[in-house]
Amino acid sequence: MQLKDSSLFKQQCLIGGQWISADNGATITVTNPADGAVIGAVPKLGKKETAMAIDSAEKAWPLWKNLRPLQRSDILRRWHSLIAENIDDLAMIMTMEQGKPLTEAKGEIMLGMSYITWYAEEGRRVYGETIPSPWAGRQPMTIRQPVGVTAAITPWNFPMSMIARKASPALAAGCPMIIKPAGKTPFSALAMAELGQRAGVPDGIISVITGDASVIGDALCANPRVRKLSFTGSTEVGKKLMASCATTVKKLSMELGGNAPMIICSDADIGQAVAGAMGCKFRNAGQTCICVNRIIVHDDVHDQFVTMLAEKTKGIVVGNGLEAGVTQGPMINPSAVASMQAFVDDAVAKGAKVILGGKPDVKGGLFYQPTILTGVTPEMRVFREEIFGPIAPIMRFKIEEEALALANDTEYGLASYVYTRDLGSFYRIAEALDYGMVGVNEVALASGEVPFGGVKHSGLGREGGRQGIEDYLETKYILLGGLSA
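In this report, the structure presented in the accompanying data block is examined. Every value quoted in this text rests on a predicted model; they were computed, and no experiment measured them.

Side note on the overall build of the protein
Next, step 1: Helix and strand content of the protein: 14 helices and 20 strands.
Next, step 2: For the protein, the C-alpha radius of gyration of 23 Å lies close to 23 Å, the compact-globule estimate for 485 residues.
Next, step 3: Seen through its C-alpha atoms, the protein measures out along the principal axes to roughly 75 × 60 × 40 Å.
Next, step 4: Looking at the protein residue by residue over its 485 residues, the buried ones come to 57%.
Next, step 5: Put simply, of all contacts in the protein between residues at least 6 apart along the chain, 73% involve residues at least 24 apart.
Next, step 6: Looking at the protein as shown, the accessible area adds up to about 18900 Å², and 54% of this sits on carbon and sulfur atoms.
Next, step 7: Of the charged side chains in the protein, 48 are positive and 49 negative; the average position of the first set lies 5 Å away from that of the second.

So, in structure tokens, the structure goes:
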């Protein structure tokens, strides 16, 4: 790995300001999904080290929470600046462990940076209230206080921006955070922590622990000193974490699975809709929670849309994300490739037509062809399940009510998209979609300034925007008496 600053590549974990290995020397090997080459190894920690991280966070918390908000803001800003200065190295680390092209990796880092700058300021706007009193001689008021030790379990598909999205509001609110990154992509998290140390984050305020996800997750959930858990990942795992946290009544924010529809109306700008579908479906090889999962196209423009989408999709270059010109990297592991083929085979067996792709790429390994399916119906797995790969299922509709029924026919409710140039259609459809987020003629939903999250089985809580700091704060009500003359 050719880095300008090789010290950003950490193969130890950070607890209490110290870089440590497992006592027994156990490690987890990390490989590059593009070629299977070993990148390095990280410690395989467990309950003991998780307890150490919680201890160090609890000890460090009083100092951190009692800093002035402006002091915490200054540290977050320095963290942001150091990330910007090292963006090339961070992108290299991410591409090697996750697979996405370097340009996408840099885009993700810039998105993560937007959360840090936003919460560097939002932490200075944690206001209480003076409440108009219903009583003579008494004044009710509220203050906002940090919740305490927090933890984050982050996914492999966005190994940097998810950390920034969770850690920056926690730190801005005055909370320490323990980060458990995905075992497939730990090095981005460790590099982020190294830069946080350089920025002046006190020892114990950020810890990064790697190891068995279930062991560490159970330890975080069971410990009553961890007052807030943030998780991004599958709905199945999220439900288990919620159940585990019930005994200690933690605050939770959960960004879980998605099954995003894209409704393309007859009056839509088809070129714009195709560009949106390309950006939303094939980014990160389709391995994102807000990727469009079902493209629902009006009968009048269906054939035109399919033809234009196929032509654009042919231009995707599959390969190693470090190579110039590559626009789609590998899947994360062999089971993901097998899952793509199972989706296609099921759809074809039930009547779908493969317009493009439909099989592993000729490069072999973990590469899968960008795929377009037409004639998709609700009986097919690609309609019901989160695909998490480069398969674009397309179906027709004739009337608006039919499109909405298809779009809402899922247990998920994270992201959704609409393409229309009619003001009435935009408002009716956006209001009727049972999702936490709706993009109208736009697919780039995430930014530090806006709330991100879903409904139903897609999770609870919001990250980003002014709402994102709320779960890291408690509201304390104070009644001041004895004010009568």
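Considering unusual backbone geometry
Negative phi characterises most residues that are not glycine, and trans characterises most peptide bonds.
Next, step 1: You will see that asparagine 441, though not glycine, has its phi angle at about 60°, which is positive.
Next, step 2: A positive phi is found at lysine 456, a non-glycine position, where the angle reads about 55°.
Next, step 3: For lysine 456, the position within the fold is in the loop between strand E18 (437–440) and strand E19 (459–460).
Next, step 4: For lysine 456, a relative accessible area of 34% puts it in the partly exposed group.

Comments concerning the side chain of glutamate 49
Next, step 1: Examined against the element boundaries, glutamate 49 turns out to sit in helix H1 (residues 47–65).
Next, step 2: Buried within the structure, glutamate 49 lacks any salt-bridge partner; lysine 48 is the closest side chain of opposite charge, at an N-O distance of 5.5 Å.

Some thoughts on the packing of aromatic side chains
Centre distance and the angle of the planes are the two values used to describe a pair of aromatic rings.
Next, step 1: Under the definition given, this model contains 3 aromatic pairs.
Next, step 2: On the numbers, 4.5 Å between centres and 40° between planes, the contact of phenylalanine 9 with phenylalanine 187 is tilted. Of this pair, phenylalanine 9 sits in the segment before strand E1 (13–15) while phenylalanine 187 sits in helix H6 (residues 187–199), and the two are 178 residues apart along the sequence. Both residues of the pair, phenylalanine 9 and phenylalanine 187, belong to the buried class.
Next, step 3: Directly above the ring of tyrosine 472 sits lysine 228, whose terminal nitrogen or CZ lies 3.8 Å from the centroid.

Overview of the sheet that holds strand E20 (residues 473–480)
Next, step 1: Read across the open sheet, the 3 strands follow the order E5-E6-E20; overall the sheet is antiparallel. Edge positions in the open sheet fall to strand E5 (129–130) and E20, since each of these has one partner strand only.
Next, step 2: As paired elements, E5 and strand E6 (residues 139–146) share 2 bridges and run antiparallel to each other. The partner of glutamate 129 across the bridge, within E6, is threonine 142.

A look at the sheet that holds strand E12 (residues 260–264)
Next, step 1: Strand order in this open sheet of 7 strands is E14-E15-E16-E13-E12-E17-E18, and the pairing throughout is mixed. Two strands bound the open sheet, and with one partner strand each, they are strand E14 (353–356) and E18. Each strand axis lies, on average, 25° off the axis of its neighbour in the sheet, ignoring direction.
Next, step 2: For strand E15 (residues 371–374) and strand E16 (residues 391–397), the ladder comprises 3 bridges, and the chain directions are parallel. Its bridge partner being in E16, threonine 371 is matched across the sheet by isoleucine 391.
Next, step 3: Together, E14, E15 and E16 form the strand contacts of helix H11 (residues 334–349), whose direction differs from that of E16 by roughly 30°.

Side note on helix H3 (residues 87–98)
Next, step 1: For H3, which comprises 12 residues, the first-to-last C-alpha distance of 16 Å matches the rise-based estimate of 16 Å (1.5 Å per residue) to within 8%.
Next, step 2: H3 sits mainly inside the fold: 11 of its 12 residues count as buried.
Next, step 3: Considered for burial, the residues of H3 that qualify are Ile87, Asp89, Leu90, Ala91, Met92, Ile93, Met94, Thr95, Met96, Glu97 and Gln98.
Next, step 4: Buried positions along H3 lie against strand E3 (27–31), strand E4 (38–43), helix H2 (69–85), helix H4 (102–122) and H6.

Digging into a nonpolar patch on the surface
Next, step 1: A contiguous nonpolar patch, built from Trp135, Tyr477 and Leu479 and spanning about 300 Å² of accessible area, is present on the exposed surface.
Next, step 2: Position of leucine 479 among the secondary structure elements: in strand E20.

Some words on the pairing of E3
On a regular strand, one side chain projects to one face of the sheet and the next to the other, so that they alternate.
Next, step 1: Where E3 and E4 come together, 5 bridges link them in antiparallel fashion. Its bridge partner being in E4, valine 30 is matched across the sheet by glycine 40.
Next, step 2: Between the end of E3 and the start of E4, which pair antiparallel, lie 6 residues, with glycine 36 showing a positive phi angle near 80°.

Thresholds, definitions, all that
Residues numbered from 1 in each chain as written. Predicted model: local features only at pLDDT ≥ 70, side-chain atom pairs only at ≥ 80, totals over all residues. Heavy atoms only, no water. Helix = DSSP H or I, 4+ residues; strand = E, 2+ residues; numbered from the N terminus. Rg over C-alpha atoms; globule rule 2.2 N^0.38 Å. Buried < 20%, exposed > 50% of the residue type's maximum accessible area, 1.4 Å probe, protein only. Contact = heavy atoms within 4.5 Å. Areas by Shrake-Rupley, 256 points an atom, 1.4 Å probe, with all protein chains shown as cover. Lys, Arg positive; Asp, Glu negative; His and termini not counted. Charge placed at Lys NZ, Arg CZ, Asp CG, Glu CD. Salt bridge = Lys/Arg side-chain N within 4 Å of Asp/Glu carboxyl O. Phe/Tyr/Trp six-rings, centres within 6.5 Å; stacked < 30°, edge-to-face > 60°. Lys NZ or Arg CZ within 6 Å of the ring centre and 35° of its normal. Pairing = 2+ DSSP bridges. Axes fitted to C-alpha atoms, helices over the stretch in contact; angles between N-to-C directions. Expected span 1.5 Å × (residues − 1). Patch = residues over 30% accessible without salt bridge, like charges linked within 9 Å, V, L, I, M, F, W, Y side chains within 5 Å.

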